[in-house]
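The chain contents come next:
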Amino acid sequence: MSVRRRAAALAAVGGLMACPGAVAAPRAAVPATAARAACANADLTTANATVSELAGSVRCLLNRQRAAHGRPAASPDARLTVAARRHAADMVARHYFAHTSLGGATFISRIRRTGYLPSKGSWAAGEILAWASGSRATPRGIVDTWMASPEHRAILLDPRFSDVGVGIVSGSPQGGQGPALTADADFGHIG
């Protein structure tokens, strides 16, 4: 099965939301050996790997894509990971799929609550979401889907982002989809 739904990617700089298409020009996904090289657990599902292992694989795969496109790796950030994991869990538990929670929290407010964003100075942030069921419910399936979408790819490859947090949760926002996973990747940079 393929990814059922994708939310539009969002990016913000200094707190102002912007169209992700304006952030970077669309590029084709790179199926190059470097981008698809071995990342542990890349083809596993929540049935045979932990969500932490799957999140690590997503981070590895997105950094391989960044490297294949001449971008620096995004370092794991615990605060962004908390924001991403909590949002993915909320979407599955409350059966919605959006960048803004049912309570009205935006990805910026969720990231701000973790203490990642400073009250002064420059920063940039972006978020990409996906959920999948069946054979696409793997880290490779999620990253391949993001790379096939110009809006998501623009965020994933944005060279300004130096940090990333990946949250993976077992299940889908629609429930009842059989084996599924929901992913949130929050990107940031503090200037």
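Residues numbered from 1 in each chain as written. Predicted model: local features only at pLDDT ≥ 70, side-chain atom pairs only at ≥ 80, totals over all residues. Heavy atoms only, no water.

Describing the state of the cysteines
How we decide: Note on terminology: disulfide denotes any pair of cysteine sulfur atoms within 2.5 Å. Helix and strand definitions here come from DSSP, where helices need a minimum of 4 consecutive H or I residues and strands a minimum of 2 consecutive E residues; each element is numbered from the N-terminal end. Here the term buried applies to any residue with accessible area under 20% of the maximum for its type, exposed to any over 50%, and partly exposed to those in between, with areas from a 1.4 Å probe on protein chains only.
For the structure shown, the criterion picks out one disulfide. In this model Cys 39 forms its disulfide with Cys 60; the gap between the sulfur atoms is 2.0 Å. Classification of the bridge connecting Cys 39 and Cys 60 rests on its S-S torsion, roughly -75°, and on that basis the disulfide is left-handed. Of the two residues, Cys 39 is situated in the loop between helix H1 (33-36) and helix H2 (51-68) and Cys 60 in helix H2; the sequence distance between them amounts to 21 residues. When its relative accessible area of 26% is taken as the criterion, Cys 60 is described as partly exposed.

Thoughts on the nonpolar core
Soluble globular proteins tend to pack their nonpolar side chains together in the buried interior. For the record, the criterion: In this text, buried Ala, Val, Leu, Ile, Met, Phe, Trp, Tyr and Cys residues form a nonpolar core when linked through side-chain atoms within 4.5 Å.
Core analysis: the biggest nonpolar cluster contains 29 residues, and Trp 146, Leu 156, Val 166, Ile 168 and Phe 187 have the highest contact counts within it. For this core, the secondary structure elements donating two or more residues are H2, strand E5 (123-133), helix H5 (139-148), helix H6 (150-156), strand E6 (163-170) and strand E7 (180-190). A total of five residues in this core trace back to one element, the largest contributor, which is H2. In this structure, Ala 83, Ile 111, Trp 123 and Ala 125 belong to the second largest nonpolar core, which totals nine residues.

Re the confidence of the model for the protein
Keep this limit in mind: Values of pLDDT, ranging from 0 to 100, describe the predictor's confidence in every residue of the model. For this analysis, residues touch if any pair of their heavy atoms sits within 4.5 Å.
For the protein, per-residue confidence averages 84 on the pLDDT scale, and residues scoring 70 or more make up 80% of the total. Mean pLDDT in the protein bottoms out at strand E3 (residues 16-18), which sits at 23, and peaks at strand E4 (residues 75-76), which reaches 98. Confidence drops under a pLDDT of 50 for residues 1-8, and excluding neighbours within four residues, the segment shows 26 contacts in the predicted structure. In this model, residues 12-35 is a region of pLDDT below 50 whose contacts with residues beyond four sequence positions or in other chains number 45 contacts.

Points about H2
Rules: Working rule for helices: expected span equals 1.5 Å times residues minus one.
The end-to-end C-alpha distance of H2 is 25 Å, a good match for the 26 Å that 18 residues give at a rise of 1.5 Å each. Regarding H2, the residues found buried are Leu 54, Ala 55, Ser 57, Val 58, Leu 61, Leu 62, Asn 63, Gln 65 and Arg 66. Looking one or two residues past H2, Gly 70 carries a phi angle of roughly 75°, positive in sign.

Concerning the pairing of E6
How we decide: In this scheme, strands are said to pair when DSSP sees at least two bridges between them.
Buried residues dominate E6, accounting for seven of its eight residues. In the sheet, E4 pairs with E6 via two bridges, with the strands oriented parallel. Following the sheet pairing, Pro 76 is matched in E6 by Val 164.

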